[in-house]
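Close look at the chain arrangement
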Amino acid sequence: MFTELVPLSLTAELFPNGVFRYAVGGLLVGLGAAVIYLGTGITAGASTFLESTLSYASNQSRFQRYRPSRDWRVVFTLGIVLGAAVYAVIWQGGAWTTDVQPWRLLVGGVFVGIGTRIGKGCTSGHGVCGVGSASKTSIVGVMTFLVVAIVTAQLVQLMGVSP
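Residues numbered from 1 in each chain as written. Predicted model: local features only at pLDDT ≥ 70, side-chain atom pairs only at ≥ 80, totals over all residues. Heavy atoms only, no water.

With that settled, the discussion passes to the side chain of S58. Position of S58 relative to the elements: it lies in the loop between α4 (49-54) and α5 (61-64). Aside from chain neighbours lying at most four places away, what touches S58 is F63 and Q64. (Helix = DSSP H or I, 4+ residues; strand = E, 2+ residues; numbered from the N terminus. Contact = heavy atoms within 4.5 Å.)

Written as structure tokens, this is what we have:
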């Protein structure tokens, strides 16, 4: 079906390993978000992980509001990290590595953290859970994320920046 919508040559260029793994991954992410919502009534999102984890060490009210849900948020976030690690070891033959310099990863992580707080959630949370629940705020947020990401990627490429 996907190849009917997109020419086969473009599909092969965009997805050299095929689209199956991405389709399965998307289905599993959606299923996971639905199971968490149906089981707990809470929208699955990792952006509150840090604040909920800080509730273990800090008595500030800002962090304590997540106290009732902090345990499952830790398990949820560890599951994301461990799931990626298991996938990399079993299907890719080793741990994930990158050619990106550590300082760039750190700076990027700080920007992502700031954007997550300003945007009141992460891109995947808005994209999977927000759009999935027809939230107008999330739909506008996802459109904004995409436009900014596309423009940024094009500018970075024009500047000749590489990992």
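More follows now that the structure is in view.
So, about the environment of G39. Tracing the chain through its elements places G39 in helix α3 (residues 20-40). Sequence spacing of G39 and L146 is 107 residues, and the spatial spacing of their C-alpha atoms is 30 Å.

Our next topic: the side chain of H126. Positionally, H126 belongs in helix α8 (residues 123-132). Within the structure, the side chain of H126 is placed 2.9 Å from the backbone oxygen of G119, a separation counted as a polar contact. If sequence neighbours within four positions are ignored, H126 has contacts with G119, K120, G121, V131, S138, V142 and F145. (Polar contact = N/O pair within 3.5 Å; in protein donor to acceptor, adjacent residues only side chain to side chain.)

Close contact between α8 and helix α9 (residues 136-158) brings their axes to 9 Å; oriented N to C, the two are set at 140°. Between α8 and α9, the interaxial angle falls into the category oblique. Crossing geometry of α8 relative to α9 is assigned as left-handed. Contacts between α8 and α9 involve T123, H126, G127, G130 and V131 on the former and, on the latter, S138, I139, V142 and F145. Looking at side-chain class alone, the contact of α8 with α9 contains four nonpolar, five polar and no charged residues. (Axes fitted to C-alpha atoms, helices over the stretch in contact; angles between N-to-C directions. Parallel < 35°, antiparallel > 145°, perpendicular 65-115°, else oblique. Left-handed = near helix turned anticlockwise from the far one by under 90°. Nonpolar A, V, L, I, M, F, W, Y, C, P; charged D, E, K, R; others polar.)

Moving on to the packing of aromatic side chains. Counted under the stated rule, the structure contains two aromatic pairs. Look at W72 and F76: their rings are 5.8 Å apart centre to centre, the planes differ by 65°, and that puts the pair in the edge-to-face class. Taken together, the positions of W72 and F76, both in helix α6 (residues 70-91) and four residues apart, correspond to about one turn of that helix. Judged by its relative accessible area of 21%, F76 is partly exposed. (Phe/Tyr/Trp six-rings, centres within 6.5 Å; stacked < 30°, edge-to-face > 60°. Buried < 20%, exposed > 50% of the residue type's maximum accessible area, 1.4 Å probe, protein only.)

Next up on the list: α6. Since one α-helical turn is 3.6 residues long, residues separated by three or four positions face the same way. The terminal C-alpha atoms of α6, which comprises 22 residues, lie 31 Å apart, in line with the 32 Å expected from a rise of 1.5 Å per residue. For α6, the complete set of buried residues consists of R70, R73, V74, T77 and A88. Looking straight down α6, one finds its buried side chains confined to an arc of 115°; they lie on one side. Opposite its buried face, α6 presents the exposed residues V75, L82, I90 and W91, each directed more than 90 degrees away. Close packing links the buried residues of α6 with α4. Positive backbone phi, at 75°, marks G93, one or two positions downstream of α6. (Expected span 1.5 Å × (residues − 1). Arc of directions from axis to C-beta.)

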